[in-house]
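The residues making up each chain are set out below.
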Amino acid sequence: MAEARNGNAPKASSGGYEINADMFCKRLKNFYTNWKENKQAFWGSADAITVAAPPPSEDLRYLKSSALNVWLLGYEFPETIMVFMESQIHFLCSQKKASLLEVLKKPSKTSMGIDIVLHVKGRNDSGSAQMEEICESMSRAGVPVVVGSIAKETPEGKLLEAWDEKLKGSEFQIVDVSGGFSEIFAVKDEAEIISIKKAAFLSASVLKNVVVPRLEVIIDEEKRVTHSGLMEDTEKAILDPQKAKVKLKAENVDICYPPVFQSGGEFDLRPGAVSNDENLYYEATGVIVCAIGSRYNSYCSNVSRTYLIDAEPVQGKAYKVLLKAQEAAINALRSGNPASAAYKAAVEVAQRDGPEFLSHLTKSAGTGIGIEFRESGLSLNARNDKVLRAGMVFNVALGLQNLQLQNGNPKTQNYSLSIADTVVVRDKGPEIATAASSKVYTDVAYSFNDEEEEDKPQPKAETNGVESVISRTTLRSDNQEMTKEEQRRQHQAELARQKNEETARRLATGGIGSGDGHSSSKPSSEMIAYKNVDDIPSARDLMIQVDTKNDAVLVPIYGVMIPFHVATIKSVSSQQDGGNSYIRIIFNIPGTGFNANYMPTTKFPSSIYVKEISFRSKDSRHVNQVVQMIKSHKRSVAMKESEKAERATLVTQEKLQLSKTKPIRLSDLWIRPVFGGRGRKMTGTLESHYNGFRYSTMRAEERVDIMYQNIKHAFFQPAEKEMITLLHFHLHNHIMVGTKKTKDVQFFVEVMDVVQTLGGARRSMYDPDEIEEEQQERDRKNKINGEFQAFVKRVSELWEQPHLKDLELEFDIPFRELGFHGVPHKASAFIVPTVNCLVELIETPFLVITISEIEIVNLERVGLGQKAFDMAIVFKDFKRDILRIDAIPSASLDGIKEWLNSMDIKYYESRMNLNWRPILKTITDDPEKFIEDGGWEFLNMEASDSDSEGSEESDQGYVPSDVEEESESDEEDSENESLVESDEDEEEEEDSEEEEGKTWDELEAEARNADKEKGDESDSEEERRRRKAKVAGKSRVPDVRDSRGPAKRPKVR
């Protein structure tokens, strides 16, 4: 266990380990740069720096010497002395360690000009001779040398003690350089952040998937378990990530500290707290504090949660104030802010929402975290004015300690609350790495009201004759009699609060979106047919010619062949007149409405242009041939230019590195989109190489490379009720497949052959041939699915290799049982969710929606009597158009609501379709007004109905159309009513019309015209406007049934 405790990696002296030379050189450069630039500020004007790593230890400890080993070399090198000088680095270590360090000599000299000198100490050697050599290298004749060391670390072992005595006995001036190391450790690079995020995900997953279910079982079954017992079980779960459903290798993980469990009136919120041997206390008004810290590749993370049992109102208020204060502290962690801003933001919330708790608030909001669990100099207290930078990581830990509850129970009258998260400071704002563990009040407050349950009448409904077994453990927000719909509503209400806060933070920082990324049209490429006059081909006959090789049309003018680039030609035509044929060529010129970026116009603005040329010929066959050739070649050049423009917008991809061993291969695959060109389409082979896939057919030009780094989502969908088994890759950046620019590439195999029986007779289900054919189809389907499954498994193992695991790639498999039918584009399709996406991969164009990019979902045309509804998906990028999925059967409504709720996606419902473009424009134009008016709550149909029965469906500031359209929406609502109209305004209008003396025939004719104007509620606004214009000139015989009969059945758009 010593190796794991020291650096979370095997000792460097053991075989089979290599040092990453590129990482070493990169971080060594950062170290020397900081040393030179801040020599006086952080490094005590040191001329040399010595760092001595102690021997291995079973104790959990965080030393800067060990941290430097891990940061610079990737492993901890115990009993190793490092001395950094201006142009040399000296290592004093054993022979095995020196053999590992040998590989650093050449890259260090090449990239930095620094020599690495290795001093090898024998097993029984004291190392005094080698120490003398190092000291001589540090000494300068007649000049005092300042040597920096880590003052707080006491030397351990004979080697380090001897080195310490050697330094103190010399003439060197010793200074402390701990502050310098804190400075270089403070800002993490992307590789370090990925390790911290993996550690944080493990901590949150252990809490969510192991600790919380374990606590619920203990409380539900009233077991007696000690805090120390829970600590041991949780530590085992951290060291074996599979128990927490986390795919991390056990050899890469470790604990930051023994997990902490506290309850029963004894609480200690200091970082050094331990779990005692008392039993877990979970009676009414009890409080349980859990804290878990795990490490991945030596990088630390931390998460802490407090669970309340039958909490009193004052306890609930205290927790909610603490939660708001912690969220405010996290929100203040932005690049450019002082570190003190986090704690001041928390104090401000406590003063405003719970001043009675302010004196109990901890004196710090947390510390920096990384290789060290607590990074010195990065404390989030009220006095630290250190400026925050992107790449810093913090353990944001806030608590209320020694709170009192007046109930006479010594186990509950004294309690404390604690919440902690690992947070990464990004350019766009803070990122909570432990968000997988919920801290919402309704998720941490539990209720065990047995007496209240006995008083309530039990439900009489039965489910298949089996009594419902209700667990004693429920959330405070859950009632034993509560339906799923009510639970869902409560969760959605909490999501609405969170979503509005998140949107407000994003809008406040300008995070509205970056648009679609499309730029304005670029100028066409320079049009040159011939670079020199000598290149123009000579012609024996003065006839119009087409030079397809040089994209030119040569025409005779005054006995000379003059070339025109085919791109300058706007149109060409021919006509017959008597015995002569005429050909007319019209050119692109300025002022004709042509593209403003047309190259000759911008390059030669003052030139004289030829508008058109006409020729007469008696050879009609040649005229027609020339016209067809010019038109054909003009189309060909336009296609080439279009493809060239498409390729110009592509992001440059890295080059595919072919695998040195036999690649993982899957044969006989079709590809979508298909390659262009003529000829019979061919199947190809997909191969997995070192850094990407390659798909190729027998034709050399039909080849596609997909880099792993460019893959955003990968899907594997086996054939069940479909005709194909497929692999689908959704990419970050577009690539070219043939001549098509695409972000989605799919490889598939048809598992069934479409066969049509020539005989018209129906075949019996007992026909042996029919049974045999069905069995063959099943066998073929299973075989193909198995081949794809094996390929996916091997590729997944490849993605776990060190050079690819940071990409966090994995294959998603759609959940068919959660799927539903809808119309995402033009045709109906079966849409299915995956872990990270909502997809439709059978019909083209494909549909891939990343769940994390969804802001909210609005379910439209939801109401009684509707057979279908629509889904409008609003993305976090407000400049991106919303995505609509139309005509979803109403039978799928509850399933979709349940899925959205389980994915923590806030959804709203409306009775009509909204015009989203003006809504999003209003939000982006005035985000502050949007936030002040309650954010997305203007979509809350229940809230608007409860405010006023006759009020408009949405807030006035976010009405999707003008006043005239509002009246139309009122008419649409009234159309869904029965024979008696419920709209008071319409009744008043009818009364006024009767008072004016209109006849029944006139009233019936007006009602009929109104029906024709509004049409079906699913009709678009444009259709209704056109109908208004036409209805004035058309009329039919009034029909009482039309005006008083039931509303027409709405059509599916």
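Chemist: Would you mind going over the nonpolar core in detail, with residue names and values included?
Modeler: Counting 78 residues, the largest nonpolar core has V206, Y307, L333, F394 and L417 as its most contacted members. By residue number, the principal contributor to this core is helix α9 (residues 190–220), which donates ten residues. With near-sequence residues (within four places) excluded, L417 lies in contact with L269, V287, T306, L308, Q315, A318, Y319, L322, L398, G399, L400 and L403. One finds W35, L68, V260 and A291 within the second-largest nonpolar core, a separate group that totals 52 residues.

Chemist: Pulling in residues and values, what's your account of the environment of A244?
Modeler: Examined against the element boundaries, A244 turns out to sit in the loop between α10 (227–239) and β7 (253–255). Of the residues examined, A244 reaches a relative accessible area of 0% and is grouped as buried. Sequence separation between A244 and K208 is 36 residues; the distance between their C-alpha atoms is 8.2 Å. Once you skip the residues sitting within four places of it in the chain, A244 turns out to touch S205, V206, N209 and V210.

Chemist: Residues and numbers for a nonpolar patch on the surface, please.
Modeler: A contiguous nonpolar surface patch, about 230 Å² in accessible area, is contributed by F815, L818 and V835. Here F815 is to be found in the loop between β32 (811–812) and β33 (820–822).

Chemist: Residues and numbers for the side chain of E840, please.
Modeler: By the secondary structure assignment, E840 is in strand β35 (residues 837–840). Notably, E840 is buried but unbridged: the nearest opposite-charge side chain belongs to R672, and the N-O separation is 7.0 Å. Separated by 2.8 Å, the side chain of E840 and the backbone nitrogen of I842 make a polar contact. Sequence-distant contacts of E840, defined by excluding residues within four places in its chain, comprise A829, F830, I831, P845, F846 and L847.

Chemist: Kindly report on unusual backbone geometry, identifying the contributing residues and their values.
Modeler: The step from R672 to P673 runs through a cis peptide bond, and the omega angle for that step is 0°. By the secondary structure assignment, P673 is in the loop between β25 (664–672) and β26 (684–688). In this structure, the amide linkage connecting T844 to the following residue, P845, adopts the cis form with an omega of -5°. Structurally, the position occupied by P845 is in the loop between β35 and β36 (847–850).

Chemist: A description of helix α19 (residues 893–902) should follow, citing residues and the corresponding values.
Modeler: Listed in full, the buried residues belonging to α19 are L893, I896, K897, W899, L900 and N901. D904, located one to two residues past α19, shows a positive phi value of around 60°.

Chemist: So what's going on with the packing of aromatic side chains? Which residues, and what values?
Modeler: Going through the model one piece at a time under the given rule, you end up with 28 aromatic pairs. Ring centres 6.0 Å apart and planes at 45° place the aromatic pair Y319 and Y441 in the tilted group. Residue Y319 is located in helix α11 (residues 313–331), and its partner Y441 is located in helix α13 (residues 441–444); the two are separated by 122 residues in the primary sequence. Here Y319 and Y441 have matching classes, each one buried. Following the ring pairs from residue to residue traces out a cluster consisting of F675, F693, Y695, Y708, F729, F747, F791, W799 and F811. Positioned above the aromatic ring of F748 is the side chain of R672, whose terminal nitrogen or guanidinium carbon lies 5.0 Å from the ring centre. The ring of Y908 has K906 sitting right over it, with the charged end atom 4.6 Å from the ring centre.

Chemist: Quick rundown of the packing of helix α2 (residues 21–37) against helix α3 (residues 64–73)? Include the residues and the values.
Modeler: Closest axis-to-axis distance for the α2/α3 pair is 8 Å, and the angle between their directions is 125°. By the criterion of interaxial angle, the relationship of α2 to α3 is oblique. Residues M23, F24, R27, L28, N30 and F31 of α2 pack against V70, W71, L72 and L73 of α3. Classifying every residue of the contact of α2 with α3 by side-chain character gives eight nonpolar, one polar and one charged.

Chemist: Outline the packing of α3 against helix α8 (residues 178–186), listing residues and values.
Modeler: Viewed as axis vectors pointing N to C, α3 and α8 meet at an angle of 40°, and their least axial separation amounts to 11 Å. Regarding α3 and α8, the two cross each other, and that crossing is left-handed. On α8, the residues that touch K64, A67, L68 and W71 of α3 are S178, F181, S182, I184 and F185. Residue composition of the contact of α3 with α8, grouped by class: six nonpolar, two polar and one charged.

Chemist: Can you break down the pairing of β36 residue by residue, with the values?
Modeler: Burial of β36 is two-sided: the residues L847 and I849 facing one way and the residues V848 and T850 facing the other way are all buried. Counting the residues in the hairpin turn of β35 and β36 gives six residues.

Chemist: Describe the pairing of strand β34 (residues 829–833), naming the residues involved and giving the relevant values.
Modeler: Of all five residues in β34, four are buried, a share of seventy percent or more. In this structure, β33 lies alongside β34, joined through three bridges in antiparallel fashion. Its bridge partner being in β34, H821 is matched across the sheet by F830. What sits between β33 and β34 in their antiparallel hairpin is a turn of six residues. Bridge analysis of β34 against β35 gives two bridges, and the strand direction is antiparallel. Bridging from a neighbouring strand, P833 pairs with L838 of β35.

Scoring rules and cut-offs
- Residues numbered from 1 in each chain as written.
- Predicted model: local features only at pLDDT ≥ 70, side-chain atom pairs only at ≥ 80, totals over all residues.
- Heavy atoms only, no water.
- Core = buried A, V, L, I, M, F, W, Y, C linked by side-chain atoms within 4.5 Å.
- Buried < 20%, exposed > 50% of the residue type's maximum accessible area, 1.4 Å probe, protein only.
- Helix = DSSP H or I, 4+ residues; strand = E, 2+ residues; numbered from the N terminus.
- Contact = heavy atoms within 4.5 Å.
- Patch = residues over 30% accessible without salt bridge, like charges linked within 9 Å, V, L, I, M, F, W, Y side chains within 5 Å.
- Areas by Shrake-Rupley, 256 points an atom, 1.4 Å probe, with all protein chains shown as cover.
- Salt bridge = Lys/Arg side-chain N within 4 Å of Asp/Glu carboxyl O.
- Lys, Arg positive; Asp, Glu negative; His and termini not counted.
- Polar contact = N/O pair within 3.5 Å; in protein donor to acceptor, adjacent residues only side chain to side chain.
- Phe/Tyr/Trp six-rings, centres within 6.5 Å; stacked < 30°, edge-to-face > 60°.
- Lys NZ or Arg CZ within 6 Å of the ring centre and 35° of its normal.
- Axes fitted to C-alpha atoms, helices over the stretch in contact; angles between N-to-C directions.
- Parallel < 35°, antiparallel > 145°, perpendicular 65-115°, else oblique.
- Nonpolar A, V, L, I, M, F, W, Y, C, P; charged D, E, K, R; others polar.
- Left-handed = near helix turned anticlockwise from the far one by under 90°.
- Pairing = 2+ DSSP bridges.

These figures come from the coordinates and say nothing about function on their own.
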